[in-house]
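# Analysis of the macromolecular model
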Amino acid sequence: MSDLVLKVPKELRRGNTRGDEVASVAEGARLIALLCRNFGLEDLGNVSLLDVGCGSKLVQAILDRQLPIGRYAGVDVFPDLINFLRTNVSDPRFSFQVSNSHNEMYIPGGEPLSANTRLALEEHSFDYICLFSVFTHLAPHDYVAMLQMLRRYIKPGGRILFSLFVNELTQAGQGWMDALVKSWEQKPGFVEEHKDHFIDAVKKGGPPDFIDYFPDHPLKVAMYSRKHALRLVEDTGWEVESLNDPEVGIQHYMICRPV
């Protein structure tokens, strides 16, 4: 393993690459490249970016690979991670804060998320907002509340990008549903709770609006139909620009602009 500019203890890292810090940094760099590509940017050098559910991937990638950044604000529900980043990242372009908003998976005892939830940030001060692996764990009412809450922090002409689980097969075969179908084909009896919903979806006119896929692990996989994922954006202060198929390292992702 190569030396990293910022080394994050394993217990504070999350995601599929948390066991390999170098791979985690590489994934962070891919996500930054995805942001730049979708926002038509060469880099983030002149950008103010709000990263909600920030983890450590993007921060490590920016520092380790010396990627340009104008201003970065990271928000996460894990106090130990935020305290670590505050202590170990002295670069004035970076700031970090804890969110105590309720989530059935991460902080079931947290404060209810609503359109009136506030972050300790200046309103209308960010060019872009990103949320990787956040909406993938949000129930429908929090999906709406998160969009409403974040609307106040975006500049006119800005964009928000967030990943989510969409209940559909994809041409490239990289989505959650693609993986489930392969599992059903290879291992009969594997993950059966909602299989009928998907097998009969075409006959019934489409998949359910929302499924909390693993009820014993609430919101581990919050799965939306394409129709419902798009409909929930209505009346949140945003309009959908695109809903994109999964790519390496990311599930479906939506891009919205403020209205």
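Here is a short report on the structure shown in this document. Within every chain, residues take consecutive numbers counted from 1 along the sequence as written. In view of the model being predicted, local features appear only for residues whose pLDDT reaches at least 70, and side-chain atom pairs are presented and counted only at 80 or more, with totals across whole chains, interfaces and linings using the full set of residues. In computing side-chain properties, one takes all heavy atoms of the structure into account and sets aside hydrogens as well as water.

Where helices and strands are cited, they refer to DSSP runs of H or I of at least four residues and of E of at least two residues respectively, numbered from the N terminus. Mapped onto the elements of the fold, Ser 48 is located in strand β1 (residues 44-52). At 3.1 Å, the side chain of Ser 48 and the backbone oxygen of Ser 125 are in polar contact. Contact criterion: two residues are considered in contact whenever any of their non-hydrogen atoms come within 4.5 Å of each other. Ser 48 has contacts with Arg 71, Ser 125, Phe 126, Asp 127, Tyr 128 and Lys 155, leaving out every residue within four places of it along the chain. Any pair of nitrogen or oxygen atoms within 3.5 Å is treated as a polar contact; in protein, a donor-acceptor pairing is required on top of that, and neighbouring residues in sequence qualify only through side-chain atoms on both sides.

This brings us to helix α2 (residues 57-64). Under the scheme applied here, a residue whose accessible area is under 20% of the maximum for its type counts as buried, over 50% as exposed, and between as partly exposed, the area being computed with a 1.4 Å probe on protein chains only. For α2, a buried count of 7 out of 8 residues is recorded, marking the element as mostly surrounded by other parts of the structure. Residues of α2 that are buried in the fold lie against α1 (21-39), β1, β2 (69-76), β3 (94-98) and β4 (126-131). One or two residues past the end of α2 sits Gln 66, with phi positive at roughly 55°.

Turning next to the pattern of salt bridges. Put simply, a salt bridge is a Lys or Arg side-chain nitrogen that is within 4 Å of an Asp or Glu carboxyl oxygen. Summed over all chains, the structure comprises 15 salt bridges. As a salt-bridge pair, Glu 21 and Lys 7 come within 3.5 Å of each other at their nearest N and O atoms. Here the residue Glu 21 occupies a position in helix α1, and Lys 7 occupies one in the segment before α1, the gap between them amounting to 14 residues. The class of Glu 21 is buried, set by a relative accessible area of 3%. For the salt bridge of Lys 57 with Glu 27, the shortest nitrogen-to-oxygen distance reads 2.5 Å. On the criterion of sequence distance, the pair formed by Lys 57 in helix α2 and Glu 27 in helix α1 is long-range, its members being 30 residues apart.

The next point concerns the pairing of β1. Looking along a regular strand, one sees side chains alternate from face to face of the sheet. Counted residue by residue, β1 has 7 buried out of 9 residues, so it is predominantly covered. Relative to β2, β1 runs parallel, the two sharing 6 bridges. When the bridges of β2 are listed, Val 52 appears paired with Val 75. Here β1 runs beside β4; their pairing, made up of 3 bridges, is parallel. Here, a strand pair is defined by DSSP locating no fewer than two bridges between the strands.

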